[in-house]
Amino acid sequence: MFERFVLPAALPYLPGAPVPPPGFEAADTPLGHAPGSTGSRAYALQESPDPGQPFAAYDPCRPVHYVVRPDNAPPGADELVEQAVAKVSAATRLRFVYDGFTSEAPSEERESYQPDRYGKRWAPVLIAWSTPEESPDLAGDVDGLGGSGYAYITGRPYVLVAGQVELDAPDFAEMLQWPDGRHYARAVIMHELAHVVGLDHVDDPTQLMNPEGTGVTEFAAGDLAGLAVLGGGQCVPEL
(Lines give C-alpha, C1' and ligand atoms only; values in the text may rest on other atoms or scores of the structure.)
Protein backbone atom coordinates (compact mmCIF):
# COMPACT_ATOMS: atom_id res chain seq x y z
CA MET A 1 0.00 0.00 0.00
CA PHE A 2 2.82 2.40 0.90
CA GLU A 3 4.77 1.73 -2.29
CA ARG A 4 1.71 1.94 -4.57
CA PHE A 5 -0.03 5.00 -3.12
CA VAL A 6 1.82 6.86 -0.37
CA LEU A 7 5.32 6.92 -1.86
CA PRO A 8 4.28 8.10 -5.37
CA ALA A 9 2.30 10.99 -3.83
CA ALA A 10 5.21 12.07 -1.61
CA LEU A 11 8.07 11.39 -4.04
CA PRO A 12 7.95 14.70 -6.00
CA TYR A 13 8.48 16.65 -2.79
CA LEU A 14 11.45 14.70 -1.47
CA PRO A 15 15.02 16.06 -1.87
CA GLY A 16 16.55 14.93 -5.16
CA ALA A 17 13.17 13.78 -6.46
CA PRO A 18 13.28 12.18 -9.94
CA VAL A 19 9.88 13.63 -10.89
CA PRO A 20 8.36 17.13 -10.62
CA PRO A 21 5.49 18.20 -8.38
CA PRO A 22 2.25 17.35 -10.19
CA GLY A 23 -0.05 19.61 -12.16
CA PHE A 24 2.32 22.23 -13.61
CA GLU A 25 0.15 24.47 -15.84
CA ALA A 26 -2.65 21.88 -15.84
CA ALA A 27 -6.03 23.31 -16.86
CA ASP A 28 -9.40 21.80 -16.08
CA THR A 29 -10.19 21.19 -19.75
CA PRO A 30 -8.14 20.70 -22.94
CA LEU A 31 -6.51 23.85 -24.27
CA GLY A 32 -7.73 22.94 -27.76
CA HIS A 33 -10.08 20.39 -29.23
CA ALA A 34 -8.62 17.85 -31.63
CA PRO A 35 -9.86 18.31 -35.21
CA GLY A 36 -12.24 15.83 -36.75
CA SER A 37 -10.77 12.83 -38.52
CA THR A 38 -10.20 12.80 -42.26
CA GLY A 39 -11.51 9.25 -42.23
CA SER A 40 -8.23 7.82 -43.51
CA ARG A 41 -6.73 4.74 -41.86
CA ALA A 42 -3.30 5.29 -43.41
CA TYR A 43 -1.59 5.98 -40.12
CA ALA A 44 0.02 4.10 -37.25
CA LEU A 45 0.28 5.09 -33.61
CA GLN A 46 3.35 4.18 -31.62
CA GLU A 47 2.97 1.10 -29.46
CA SER A 48 1.49 1.87 -26.07
CA PRO A 49 3.50 0.92 -22.98
CA ASP A 50 0.26 -0.46 -21.52
CA PRO A 51 -1.62 -3.14 -23.51
CA GLY A 52 -4.84 -1.84 -21.99
CA GLN A 53 -4.24 1.71 -23.22
CA PRO A 54 -4.67 2.18 -27.00
CA PHE A 55 -2.06 4.93 -27.26
CA ALA A 56 -0.05 7.40 -25.19
CA ALA A 57 -0.19 11.11 -25.95
CA TYR A 58 0.74 14.49 -24.53
CA ASP A 59 -1.64 15.90 -21.93
CA PRO A 60 -3.97 18.23 -23.89
CA CYS A 61 -4.81 20.21 -20.74
CA ARG A 62 -1.37 21.79 -20.58
CA PRO A 63 0.98 23.34 -23.13
CA VAL A 64 3.84 21.45 -24.73
CA HIS A 65 6.95 23.51 -24.10
CA TYR A 66 9.92 23.26 -26.44
CA VAL A 67 13.46 24.62 -26.65
CA VAL A 68 16.01 24.71 -29.47
CA ARG A 69 19.72 23.90 -29.25
CA PRO A 70 20.94 26.18 -32.10
CA ASP A 71 24.53 24.92 -32.48
CA ASN A 72 25.23 23.92 -36.12
CA ALA A 73 21.87 25.29 -37.30
CA PRO A 74 21.68 26.21 -41.03
CA PRO A 75 20.47 29.65 -42.15
CA GLY A 76 16.74 30.08 -41.68
CA ALA A 77 16.51 27.26 -39.15
CA ASP A 78 14.35 29.23 -36.71
CA GLU A 79 11.65 29.77 -39.34
CA LEU A 80 11.70 26.11 -40.38
CA VAL A 81 11.19 24.94 -36.80
CA GLU A 82 8.47 27.51 -36.14
CA GLN A 83 6.56 26.48 -39.26
CA ALA A 84 6.88 22.75 -38.51
CA VAL A 85 5.69 23.21 -34.92
CA ALA A 86 2.72 25.24 -36.18
CA LYS A 87 1.76 22.41 -38.57
CA VAL A 88 1.83 19.80 -35.79
CA SER A 89 -0.06 22.09 -33.44
CA ALA A 90 -2.78 22.70 -36.05
CA ALA A 91 -3.11 18.96 -36.71
CA THR A 92 -3.37 17.98 -33.02
CA ARG A 93 -4.61 21.24 -31.44
CA LEU A 94 -1.95 20.77 -28.79
CA ARG A 95 -0.67 24.17 -27.69
CA PHE A 96 3.09 24.51 -28.16
CA VAL A 97 5.09 27.17 -26.28
CA TYR A 98 8.60 28.19 -27.35
CA ASP A 99 10.92 28.69 -24.39
CA GLY A 100 13.95 29.91 -26.38
CA PHE A 101 17.44 28.54 -26.85
CA THR A 102 19.15 25.95 -24.67
CA SER A 103 22.70 24.65 -24.40
CA GLU A 104 21.48 21.12 -23.66
CA ALA A 105 22.96 18.55 -26.01
CA PRO A 106 20.86 15.66 -27.36
CA SER A 107 21.31 12.35 -25.59
CA GLU A 108 19.93 8.82 -25.79
CA GLU A 109 19.75 8.95 -21.99
CA ARG A 110 18.04 12.33 -21.75
CA GLU A 111 16.48 12.96 -18.35
CA SER A 112 12.75 13.77 -18.39
CA TYR A 113 13.13 15.95 -15.29
CA GLN A 114 15.96 18.50 -15.12
CA PRO A 115 15.04 20.99 -12.39
CA ASP A 116 18.42 22.75 -12.36
CA ARG A 117 18.08 23.58 -16.05
CA TYR A 118 14.33 23.94 -16.62
CA GLY A 119 12.72 24.29 -13.19
CA LYS A 120 10.36 21.96 -11.38
CA ARG A 121 8.39 20.67 -14.37
CA TRP A 122 8.85 18.03 -17.02
CA ALA A 123 11.71 18.93 -19.34
CA PRO A 124 10.54 20.65 -22.55
CA VAL A 125 10.80 19.04 -25.96
CA LEU A 126 14.39 19.50 -27.13
CA ILE A 127 14.97 20.29 -30.81
CA ALA A 128 18.70 20.00 -31.39
CA TRP A 129 20.69 20.71 -34.55
CA SER A 130 23.30 17.99 -34.41
CA THR A 131 25.79 16.02 -36.52
CA PRO A 132 26.52 12.31 -37.03
CA GLU A 133 29.65 12.76 -34.93
CA GLU A 134 27.61 13.95 -31.96
CA SER A 135 24.57 11.74 -32.66
CA PRO A 136 25.82 8.53 -34.32
CA ASP A 137 22.30 7.37 -35.17
CA LEU A 138 22.15 10.22 -37.71
CA ALA A 139 24.84 8.55 -39.82
CA GLY A 140 24.02 7.53 -43.37
CA ASP A 141 20.72 8.59 -44.91
CA VAL A 142 19.09 9.58 -41.62
CA ASP A 143 18.14 13.28 -41.61
CA GLY A 144 16.44 13.31 -38.21
CA LEU A 145 15.26 11.38 -35.19
CA GLY A 146 12.35 12.06 -32.85
CA GLY A 147 10.53 10.57 -29.89
CA SER A 148 9.28 11.13 -26.35
CA GLY A 149 9.49 9.52 -22.95
CA TYR A 150 6.60 8.36 -20.77
CA ALA A 151 5.36 9.43 -17.38
CA TYR A 152 2.98 7.39 -15.27
CA ILE A 153 1.21 7.37 -11.95
CA THR A 154 -0.74 4.39 -10.59
CA GLY A 155 -4.28 4.24 -11.85
CA ARG A 156 -3.91 6.89 -14.55
CA PRO A 157 -2.91 6.69 -18.25
CA TYR A 158 0.65 6.89 -19.49
CA VAL A 159 1.46 10.39 -20.79
CA LEU A 160 4.21 11.48 -23.18
CA VAL A 161 6.73 13.96 -21.78
CA ALA A 162 10.16 15.43 -22.53
CA GLY A 163 10.40 14.72 -26.25
CA GLN A 164 13.55 15.13 -28.32
CA VAL A 165 14.30 15.83 -31.98
CA GLU A 166 17.80 15.48 -33.41
CA LEU A 167 18.36 17.06 -36.83
CA ASP A 168 21.37 16.37 -39.05
CA ALA A 169 22.62 19.89 -39.69
CA PRO A 170 25.04 18.97 -42.54
CA ASP A 171 22.24 17.10 -44.34
CA PHE A 172 19.93 20.07 -43.94
CA ALA A 173 22.56 22.47 -45.26
CA GLU A 174 22.77 20.33 -48.41
CA MET A 175 18.99 19.91 -48.64
CA LEU A 176 18.45 23.65 -48.51
CA GLN A 177 20.41 24.00 -51.75
CA TRP A 178 17.83 21.94 -53.68
CA PRO A 179 14.96 23.50 -55.62
CA ASP A 180 12.15 23.70 -53.04
CA GLY A 181 14.67 22.55 -50.46
CA ARG A 182 12.99 24.53 -47.69
CA HIS A 183 9.78 22.55 -48.19
CA TYR A 184 11.67 19.26 -47.87
CA ALA A 185 13.60 20.50 -44.84
CA ARG A 186 10.43 21.62 -43.09
CA ALA A 187 8.82 18.26 -43.92
CA VAL A 188 11.64 16.38 -42.15
CA ILE A 189 11.09 18.44 -39.00
CA MET A 190 7.32 17.86 -39.23
CA HIS A 191 7.95 14.11 -39.57
CA GLU A 192 10.15 14.01 -36.47
CA LEU A 193 7.78 16.15 -34.41
CA ALA A 194 4.97 13.78 -35.38
CA HIS A 195 7.06 10.99 -33.83
CA VAL A 196 7.44 13.16 -30.73
CA VAL A 197 3.66 13.37 -30.27
CA GLY A 198 3.19 9.64 -30.87
CA LEU A 199 2.83 8.91 -34.60
CA ASP A 200 4.71 5.96 -36.12
CA HIS A 201 5.90 5.10 -39.62
CA VAL A 202 3.56 3.78 -42.30
CA ASP A 203 4.23 1.89 -45.54
CA ASP A 204 1.91 4.13 -47.59
CA PRO A 205 4.18 6.26 -49.85
CA THR A 206 1.57 9.02 -50.09
CA GLN A 207 1.92 9.88 -46.37
CA LEU A 208 4.55 12.07 -44.78
CA MET A 209 5.12 9.38 -42.15
CA ASN A 210 6.47 6.99 -44.76
CA PRO A 211 10.14 6.53 -43.74
CA GLU A 212 11.57 6.46 -47.26
CA GLY A 213 11.26 10.15 -48.11
CA THR A 214 8.91 9.84 -51.08
CA GLY A 215 8.74 13.56 -51.83
CA VAL A 216 5.66 14.32 -49.71
CA THR A 217 6.13 17.69 -47.99
CA GLU A 218 2.81 18.14 -46.15
CA PHE A 219 0.78 16.01 -43.79
CA ALA A 220 -1.55 13.84 -45.89
CA ALA A 221 -4.96 12.43 -44.96
CA GLY A 222 -3.60 9.49 -42.96
CA ASP A 223 -1.06 11.62 -41.11
CA LEU A 224 -3.78 14.12 -40.19
CA ALA A 225 -6.13 11.39 -39.01
CA GLY A 226 -3.47 9.94 -36.71
CA LEU A 227 -2.46 13.33 -35.36
CA ALA A 228 -6.10 14.13 -34.62
CA VAL A 229 -6.29 10.95 -32.51
CA LEU A 230 -3.14 11.95 -30.62
CA GLY A 231 -4.58 15.39 -29.92
CA GLY A 232 -7.40 13.70 -28.05
CA GLY A 233 -5.40 12.18 -25.23
CA GLN A 234 -6.49 12.26 -21.61
CA CYS A 235 -5.70 15.03 -19.14
CA VAL A 236 -3.62 13.76 -16.24
CA PRO A 237 -3.11 16.59 -13.72
CA GLU A 238 -1.74 14.08 -11.22
CA LEU A 239 1.57 14.11 -13.13
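Refer to the preceding data block for the structure.
Definitions and limits used
Residues numbered from 1 in each chain as written. Predicted model: local features only at pLDDT ≥ 70, side-chain atom pairs only at ≥ 80, totals over all residues. Heavy atoms only, no water. Patch = residues over 30% accessible without salt bridge, like charges linked within 9 Å, V, L, I, M, F, W, Y side chains within 5 Å. Areas by Shrake-Rupley, 256 points an atom, 1.4 Å probe, with all protein chains shown as cover. Salt bridge = Lys/Arg side-chain N within 4 Å of Asp/Glu carboxyl O. Lys, Arg positive; Asp, Glu negative; His and termini not counted. Charge placed at Lys NZ, Arg CZ, Asp CG, Glu CD. Buried < 20%, exposed > 50% of the residue type's maximum accessible area, 1.4 Å probe, protein only. Pairing = 2+ DSSP bridges. Helix = DSSP H or I, 4+ residues; strand = E, 2+ residues; numbered from the N terminus. Axes fitted to C-alpha atoms, helices over the stretch in contact; angles between N-to-C directions. Contact = heavy atoms within 4.5 Å. Phe/Tyr/Trp six-rings, centres within 6.5 Å; stacked < 30°, edge-to-face > 60°.

Moving on to a negative patch on the surface. Together, Glu108, Glu109, Glu111 and Asp137 make up a negatively charged patch on the protein surface. What makes glutamate 109 exposed here is its relative accessible area of 62%.

If you trace the five strands from one edge of the open sheet to the other, you get E2-E1-E3-E5-E4, paired in mixed fashion. In this open sheet, the two edge strands, each paired with only one partner strand, are strand E2 (96-101) and strand E4 (144-151). On average, each strand axis in the sheet is tilted by 20 degrees relative to the strand beside it, whichever way the strands run. Across four bridges, strand E1 (residues 64-69) lies against strand E3 (residues 125-130) in parallel orientation. Directly across from valine 67, in E3, lies its bridge partner leucine 126. On the sheet, helix H2 (residues 77-92) packs against E1, E2 and E3 and is oriented at approximately 160 degrees with respect to E2.

A few words now on the side chain of aspartate 168. Assignment of secondary structure puts aspartate 168 in strand E5 (residues 159-168). Buried and unpaired, aspartate 168 has arginine 69 as its nearest opposite-charge partner, separated by 11 Å. If near-sequence neighbours (up to four positions away) are discounted, aspartate 168 is found in contact with Ser130, Pro132, Leu138, Val142 and Asp143.

Under the defined criterion, the tally for this structure stands at six aromatic pairs. When the ring of tryptophan 129 is compared with that of phenylalanine 172, the centres are 5.0 Å apart and the planes differ by 90 degrees; the resulting orientation is edge-to-face. Linking tryptophan 129 in strand E3 with phenylalanine 172 in helix H4 (residues 169-175), this pair joins segments that are 43 residues apart in sequence. In this pair, the class of tryptophan 129 matches that of phenylalanine 172, namely buried. With a centroid separation of 6.1 Å and 80 degrees between ring planes, the pair formed by tyrosine 150 and tyrosine 158 is classed as edge-to-face. On the basis of relative accessible area, tyrosine 150 is assigned to the partly exposed category, the value being 37%.

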